[in-house]
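Residue-level listing of the chains:
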Amino acid sequence: MSQTPDIEFIRLARSNARQFIGLKVRDSEEHLIASNAQWIAMAAFIDEATTYGMFRAGAPCGLISLIDPRLVQDEEGLENTQDGCLYVWRLMVDQHHRGHDVGTAAIRFAERQAAALGFRGISLTTMDHAELNALPFYTMLGFTPTGRRLGGEIELIKTFDPA
């Protein structure tokens, strides 16, 4: 694997959201994630979610949304999180930026955010039974299954010693 690229993470706002709507995953992966327009609209109504746009060499290249479970108010939402872990709600890398370690940089960003907030790890879910799923990617980065299935997806966790 090559060195993780310099990716800039900018909090998504009304002023910059439009440039991310046109980013796409490969056609063969569209079944794995909502469109960015749907994602951005959903995130606007989830107070606990913080979404960041990713830039590679100045160009928009993806999105990542993180949820601090300490802010989740409803029981159903809490069932989808791991105690002591920042939750990676969504992650997408544009098809034209795949293979350049952008996804790895996004997970490293989530780890830094988690450590800064005092968490011991990060958790996420992925569609492990779907064709072209991201389970091998997450496993390569050190995630392990928790044994839980949430909404038909496998839950993964990666723990670390917070700085």
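Procedures and definitions
Residues numbered from 1 in each chain as written. Predicted model: local features only at pLDDT ≥ 70, side-chain atom pairs only at ≥ 80, totals over all residues. Heavy atoms only, no water. Helix = DSSP H or I, 4+ residues; strand = E, 2+ residues; numbered from the N terminus. Contact = heavy atoms within 4.5 Å. Pairing = 2+ DSSP bridges. Axes fitted to C-alpha atoms, helices over the stretch in contact; angles between N-to-C directions.

Peer 1: What am I meant to see in the side chain of Lys158 here?
Peer 2: Its location among the elements puts Lys158 in strand β7 (residues 153-159). Not counting the four nearest positions on each side in its chain, Lys158 is found in contact with Arg108, Glu111, Arg120, Gly121, Ile122, Leu141, Gly142 and Phe143.

Peer 1: Whenever I open this one, the pairing of strand β6 (residues 144-150) confuses me. Can you help?
Peer 2: Each regular strand carries side chains that alternate between the two faces of the sheet. Of the strand pairs in this sheet, β6 and β7 are connected by 4 bridges, and their pairing is antiparallel. Paired with Leu150 across the bridge in β7 is Glu153. The turn joining β6 and β7, which pair antiparallel and follow one another in sequence, is formed by 2 residues; a positive phi near 60° is taken by Gly151.

Peer 1: Would you take a moment to explain the sheet that holds strand β3 (residues 59-67) for this structure?
Peer 2: Two pairing modes exist for strands in a sheet, parallel and antiparallel, and in both the strands are linked by backbone hydrogen bonds. The strand order across the open sheet built from 7 strands is β1-β2-β3-β4-β5-β7-β6, with neighbouring strands paired in mixed fashion. The two strands at the open ends of the sheet, each matched to only one other strand, are β1 (7-11) and β6. Each strand of the sheet is rotated relative to its neighbour by a mean of 30°, with strand direction disregarded. By the bridge criterion, 6 bridges tie β3 to strand β4 (residues 85-93) in an arrangement that is antiparallel. Bridging from a neighbouring strand, Ile67 pairs with Tyr87 of β4. Sheet strands touched by helix α2 (residues 36-43): β2 (49-56), β3 and β4. Its angle to β4, the strand with the most contacts, is close to 150°. Against the sheet, helix α4 (residues 102-116) makes contact with β1, β2, β3, β4, β5 (121-126) and β7, and its axis sits at roughly 160° relative to β4, the strand it touches most.

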